[in-house]
Number of protein chains: 2
Amino acid sequence: MTAPSMIQADHLVQFGSQVLEKVGVSAEDARKTAEILVESNLRGVDTHGIYLVNLYAKRIEKGLINPTPKLEFNKNRPAAGVLDADSGLGQVATLEAMNRAIEMAKEVGVGTVMVKRSTHFGAGAYYTLHAASQGMIGILMSHSETDVVLFGGKKPYLGTNPYSVAIPSAKGQPFVMDMATSEVAFGKVRAAAEAKKEIPPNWAVDAEGNPVTDATQAKAVTPMSGAKGYAIGLMIELLSSGLTGMAYGPGIVRKFDDWENPQNLGHFVQVIDPSAFTQDDSFLNRVDEVFEDIQSQPASSSNPFGKVLIPGAPEFDRRAQRLAEGCPVAPEIAQQLKELGDRLQVAWPR
Amino acid sequence: MTAPSMIQADHLVQFGSQVLEKVGVSAEDARKTAEILVESNLRGVDTHGIYLVNLYAKRIEKGLINPTPKLEFNKNRPAAGVLDADSGLGQVATLEAMNRAIEMAKEVGVGTVMVKRSTHFGAGAYYTLHAASQGMIGILMSHSETDVVLFGGKKPYLGTNPYSVAIPSAKGQPFVMDMATSEVAFGKVRAAAEAKKEIPPNWAVDAEGNPVTDATQAKAVTPMSGAKGYAIGLMIELLSSGLTGMAYGPGIVRKFDDWENPQNLGHFVQVIDPSAFTQDDSFLNRVDEVFEDIQSQPASSSNPFGKVLIPGAPEFDRRAQRLAEGCPVAPEIAQQLKELGDRLQVAWPR
C-alpha cells in the first residue's frame, strides 16, 4: 500500500472548483462547494471530503444535479421559510438556507428554513459553524438514504440522518457536534470483518435483524442506543420529509447507485440568536465558563487524550495540523481524481 | 412483597391536587400539576408519576418551591421569549411556556421560549404531546442534576438531560420521544447489581471512569452511544443554562438531597407550526404515510412485539390499559403517600 499524498488544502479547493466549473457550475458556486468539501478534509472527515467532487461531477453530467439552479426562497412567516434548491448542489442551497436563517434569527430571534429538492450537502458542521462564527447557534438535520435498521425491524430503512449543532463561545473554539444517528458507520463494521475481529453486539444486525458480533454476518448498522437513536432518526426523517414533501426511507435516491433520478432531499436548518434571550455577552461567557469547568475535570485512565474534550475539539486540532502539513489523500482517491481531472482537462495537484 | 394497589387515575389526581392545595398551591395549579404527574403513571412512566407529589409538598413546605409564583413572560422578539417561573412548580411554568410557544408558532411559524428559575417538571412528553394535540410539533429539552459521566471523564457531571419531541399525525397517535440522554437509567444498573447480573460494557463506568460489566462496581451511567450522547447532553446543558443564566453541571441543585436552595432550572421549549412550511394537511398526511410504511416492515425475530413500533406507541397502549384497570402503586409508595395524606388531612384513595 502506497502512502497517501499530502496535498495543500488550497490546491484541493482549486482542483475541485475547476472540475465543477468544467461541468457547468458558476465560478462562485464551484468555489463555495469545493471549499466546503475540503473543509471536511481539513477537519479529518475525509468521508465527506474532496473525493465527492467525482460523484457530483458525474451526477451533473447525467443531469441529476442542476449546475445552474435558480434557488427560490419563500419567507412564509417571519420565523419560517422554505428554500427550493432546484436540484442544485446541496452545498450551495444549504449555505444559502443557513444565511437566510441567520437573517431571520437576527430579526425575530429564531429562524427556521426547510430546504427542499436538494442534494447531498457534505458534512453538516460546515454550515452550523458558519452560524456560530456569527455568534449564533446553528442547527442542521437531514434525512439520507437507507442505511440503518429500524429498531425491532429486520431491514434497514432510515438513513444515518445526520444531526449537527454548533454553539459559539466568547473566547475559545465553538462546541460542534455532527453525528450520524446510527451507533457506528458501516465502514467500521466492514473494517472489523476484514480484520476478522468481533464487533460489540450493539453495532449491527444480521439478515434477521438480530444483533451480531461476527462482523461478516452484519447486514445493517443499528440506530445509536437502539430505541433512542431510532426515535431521533425518525424525528429527523419526519421533519426532513414531512415539512418539504420530499421522499422518505427506502424511497430516497441512493446517490452512488441511482443514475436515473435527482436526490430530492429535504433539510432542516435553524438558527437561534442568543441575544434574543440573554443580555450582552452573558450567553457566550457562560459557554466559556462551562467549557473551562469541563476541561478541568479529571479524565478516565483509559482516555487516550488524557483530558475531557469539548465536542469538536479534535477536529479543530486536526484542522490546524492539516493546514500546515497538507491533507492526506489516499492513493486510490488520488487516482480517481487524477482520471477525472484528465478527462475534464484539470490538472491534479500531484 | 405485597402486590401493588390498583388505583384509578382520577383518584390519584384528586389526591395529588388536594395535597398541593393543602401546602398553598392554587386549586387550578394544583390540579394541573397532579394531572401531569398522573399522566406519567398512566403512560407507565411511574418514575415521573404521583409519588413526586411527596417531594414537591416537602419542597414547598421548606420554601424551596413557591406555591404562588408570579409567572413573568417577556416576548423579547416575535419568535423568542423568556418565562420566569419564579421558583414555582415546573409543571405550571412549562405548560405555560408551551402555550406561549404555540401562540408564537401560530403567528410567526416557530416559537421558542426559555424557562428560567424553574423546578422539576415531571416527564417532558406531557408538554410536547400538548403541542401535538393542536397539530403542532412540540420540542422540550432541559438540563438536570448530575448523573452521567463526561465522555472520557472520571466523574459524573451532566444530568440525564431529557429530550422530548412530539409530532402529530393525521389519523393515528402522534410520534413521541422522551428520553434521557444517558445510555440507561441508573436504576437498571442497580437492578443488575441486585440480581448479580453482568451489565453490557457501554452502560456504566467504575470509580476511574472506565467501562464496567460488574454492576456492583458501577459509579455513574454513561452518555448514550458515548461521544454522541455526551454531545447531545452538553448541547442541552448549554441551551438550558446558557440561554437562561441558570446553574450547570454539578452546580445544579439535587432535588432529593438539597434542602437549602431552590432548583433554578432552565428549560428549552420550542413549537413548530407545520402549516408555516407546507400546504393544507400535507404534513400530517405524510407523517401517517411514513408510520403506515414503517409498521408494515418485517420485525426481527427477537422483537417481543412482533412488529416495528412508532416511538411512543407502547405508552399509548399502556395508557388505555391503565385508564381501564387503574394505575399500579407500589406498596412502599402507597405507604409514603398515605402518610403524607394523613399529615395534611387528605384521604389516600385506598
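Residues numbered from 1 in each chain as written. Chains lettered and ligands numbered in written order. Predicted model: local features only at pLDDT ≥ 70, side-chain atom pairs only at ≥ 80, totals over all residues. Heavy atoms only, no water.

S.K.: How should the relation of the copies chain A and chain B be read in this particular structure?
M.R.: Copy one and copy two of the chain differ by a rotation about a common axis and a shift along it. Laying chain A over chain B is done by rotating through 180° and shifting 0.0 Å along the axis; what remains is an RMSD of 0.0 Å. Within this description, the copies of the chain are treated as partners about a two-fold rotation axis. It is serine 225 of chain A whose C-alpha, among those of chain A, lies nearest the rotation axis, at 2.8 Å. Interface overlap between copies: 100% of the residues of chain A at the interface are likewise at the interface in chain B, consistent with a symmetric, same-surface contact. (Least-squares fit on C-alpha atoms with pLDDT ≥ 70 in both. Contact = heavy atoms within 4.5 Å.)

S.K.: Where do I start with the interface of chain A and chain B in this structure?
M.R.: In many analyses, interface size is given as the accessible surface area lost on bringing the parts together. In this complex, chain A contributes 83 residues to the contact, which on the side of chain B involves 83 residues. Buried area between chain A and chain B, both sides added, is near 6,500 Å², and the carbon and sulfur share of it is 65%. At the boundary of chain A and chain B, one finds 2 salt bridges. The partner of aspartate 273 of chain B in a salt bridge is arginine 77 of chain A, with the nearest N and O atoms 2.9 Å apart. Scanning the region where chain A abuts chain B turns up 41 residue pairs in polar contact (both at pLDDT 80 or more). Among the elements that line the side of chain A that touches chain B, the one with the most residues is helix H7 (residues 227-242) of chain A, at 10 residues. A breakdown of the residues in the side of chain A that touches chain B according to their chemical character gives 48 nonpolar, 23 polar and 12 charged. (Buried area = accessible area lost by both parts, 1.4 Å probe. Salt bridge = Lys/Arg side-chain N within 4 Å of Asp/Glu carboxyl O. Polar contact = N/O pair within 3.5 Å; in protein donor to acceptor, adjacent residues only side chain to side chain. Helix = DSSP H or I, 4+ residues; strand = E, 2+ residues; numbered from the N terminus. Nonpolar A, V, L, I, M, F, W, Y, C, P; charged D, E, K, R; others polar.)

S.K.: What is the right way to read the pairing of strand E4 (residues 110-118) of chain A from this model?
M.R.: In regular strands, side chains alternate between the two faces of the sheet. All names here are of chain A. For E4, a buried count of 7 out of 9 residues is recorded, marking the element as mostly surrounded by other parts of the structure. With 5 bridges connecting them, strand E3 (residues 80-84) and E4 associate as parallel partners. Residue pairing across strands places aspartate 84 opposite lysine 116, the latter belonging to E4. With helix H4 (residues 90-108) bridging E3 and its parallel neighbour E4, the resulting β-α-β unit is right-handed. The pairing of E4 with strand E12 (residues 265-272) spans 7 bridges and is antiparallel. Pairing of threonine 112 across the sheet is with glutamine 270, part of E12. (Buried < 20%, exposed > 50% of the residue type's maximum accessible area, 1.4 Å probe, protein only. Pairing = 2+ DSSP bridges. Right-handed = clockwise from strand over helix to strand, strands pointing away.)

S.K.: Explanation requested: the environment of alanine 247 of chain A in the structure shown.
M.R.: Note on placement: alanine 247 of chain A falls in the loop between H7 and E12. Given a relative accessible area of 30%, alanine 247 of chain A falls into the partly exposed group. With 17 residues separating them in the primary sequence, alanine 247 of chain A and asparagine 264 of chain A have C-alpha atoms 7.1 Å apart. Excluding residues within four positions of it along the chain, alanine 247 of chain A makes contact with His143, Glu237, Ser241, Ile252 and Asn264 of chain A together with Arg286 of chain B.

S.K.: What should I look at first to understand the pattern of salt bridges in this one?
M.R.: When the charged atoms of two side chains with opposite charge come close together, those side chains can pair. Residues and elements named next belong to chain A. With the rule as written, the count across this model stands at 32 salt bridges over all chains. Note that arginine 286 is salt-bridged to glutamate 289, the shortest N-O span being 3.5 Å. Taken together, the residues span about one helical turn, with arginine 286 and glutamate 289 both in helix H8 (residues 282-295) at a distance of 3 residues. Since its relative accessible area comes to 16%, arginine 286 is described here as buried. By relative accessible area, glutamate 289 is classed as partly exposed at 37%. Among the ionic contacts, a cluster of salt bridges with common partners joins Asp84, Asp86 and Arg117.

S.K.: What's the story with the sheet that holds strand E9 (residues 175-179) of chain B in this structure? I'm lost.
M.R.: Paired through their backbone hydrogen bonds, the strands of a sheet run either parallel or antiparallel. Residues and elements named next belong to chain B. The strand order across the open sheet built from 7 strands is E2-E3-E4-E12-E5-E8-E9, with neighbouring strands paired in mixed fashion. Two strands lie at the open edges of the sheet, namely strand E2 (72-77) and E9, each paired on one side alone. On average, each strand axis in the sheet is tilted by 15° relative to the strand beside it, whichever way the strands run. Alignment of strand E5 (residues 137-142) against strand E12 (residues 265-272), held across 6 bridges, turns out to be antiparallel. When the bridges of E12 are listed, isoleucine 139 appears paired with glutamine 270. Packed on one face of the sheet, helix H5 (residues 125-132) meets E5, strand E8 (163-167), E9 and E12 and runs near 20° to E8. (Axes fitted to C-alpha atoms, helices over the stretch in contact; angles between N-to-C directions.)

S.K.: Explain unusual backbone geometry here, please?
M.R.: Leaving glycine out, the prevailing phi sign among residues is negative, and the prevailing peptide bond configuration is trans. For glutamine 345 of chain A, which is not glycine, the phi torsion reads 60° and is therefore positive. Inspection of the secondary structure puts glutamine 345 of chain A in the segment after helix H10 (331-344). On the basis of relative accessibility, which here comes to 68%, the residue glutamine 345 of chain A falls in the exposed class. If you check the backbone angles, asparagine 161 of chain B has positive phi at about 30° while not being a glycine. On the secondary structure map, asparagine 161 of chain B appears in the loop between strand E7 (156-158) and E8.

S.K.: What am I meant to see in the nonpolar core here?
M.R.: Side chains that are nonpolar tend, in soluble globular proteins, to be buried together. Formed by 82 residues in total, the largest nonpolar core has its most connected members in Tyr163, Phe175 and Met235 of chain A together with Tyr163, Phe175 and Met235 of chain B. Beyond its immediate sequence surroundings of up to four residues, phenylalanine 175 of chain A is in contact with Val165, Ala166, Ile167, Phe291, Ile310 and Pro311 of chain A together with Ala231, Leu234, Met235 and Leu238 of chain B. In this structure, Val13, Val25, Ala34 and Ile50 of chain A belong to the second largest nonpolar core, which totals 33 residues. (Core = buried A, V, L, I, M, F, W, Y, C linked by side-chain atoms within 4.5 Å.)

S.K.: I tried to follow the domain arrangement of chain A on my own but got confused; where do I start?
M.R.: Residue and element names in this part refer to chain A. Assigned domains of chain A: these are domain 1 (5-61 + 313-344) and domain 2 (72-182 + 223-278). With centres defined by C-alpha atoms, the gap from domain 1 to domain 2 works out at 22 Å. Listed per partner, the contact involves 17 residues of domain 1 and 24 residues of domain 2. For the pair domain 1 and domain 2, the summed buried surface comes to about 1,700 Å²; carbon and sulfur atoms form 73% of the total. Of all residues in domain 1, Ile36, Arg59 and Phe316 give up the largest surface area on contact with domain 2, accounting jointly for 38% of the area buried on that side. If you look at where domain 1 meets domain 2, you find 0 salt bridges. Summed over the shared surface of domain 1 and domain 2, the result is 5 residue pairs in polar contact (both at pLDDT 80 or more). Elements that contribute at least two residues to the side of domain 1 that touches domain 2 include exactly helix H2 (27-42) and helix H3 (52-61). Considering each element in turn, the side of domain 1 that touches domain 2 owes the most residues, 7 residues, to H2. Counted by class, the side of domain 1 that touches domain 2 contains 8 nonpolar, 3 polar and 6 charged residues. (Domains from an automatic or database assignment.)

S.K.: I keep staring at the packing of H2 of chain A against helix H9 (residues 313-325) of chain A and nothing clicks. Help me out?
M.R.: The angle between the axes and the distance between the axes are what describe a pair of packed helices. Residue and element names in this part refer to chain A. Two elements in contact, H2 and H9, have axes separated by 8 Å at closest approach and are oriented at 105°. Considering their axes alone, H2 and H9 lie roughly perpendicular with respect to each other. Within the contact between the two elements, H2 uses Glu39, Asn41 and Leu42 and H9 uses Arg318, Arg319, Arg322 and Leu323. Looking at side-chain class alone, the contact of H2 with H9 contains 2 nonpolar, 1 polar and 4 charged residues. (Parallel < 35°, antiparallel > 145°, perpendicular 65-115°, else oblique.)

S.K.: Explanation requested: the pairing of strand E9 (residues 175-179) of chain A in the structure shown.
M.R.: Residues and elements named next belong to chain A. Buried residues dominate E9, accounting for 4 of its 5 residues. With 5 bridges connecting them, strand E8 (residues 163-167) and E9 associate as antiparallel partners. Its bridge partner being in E9, valine 165 is matched across the sheet by methionine 177.

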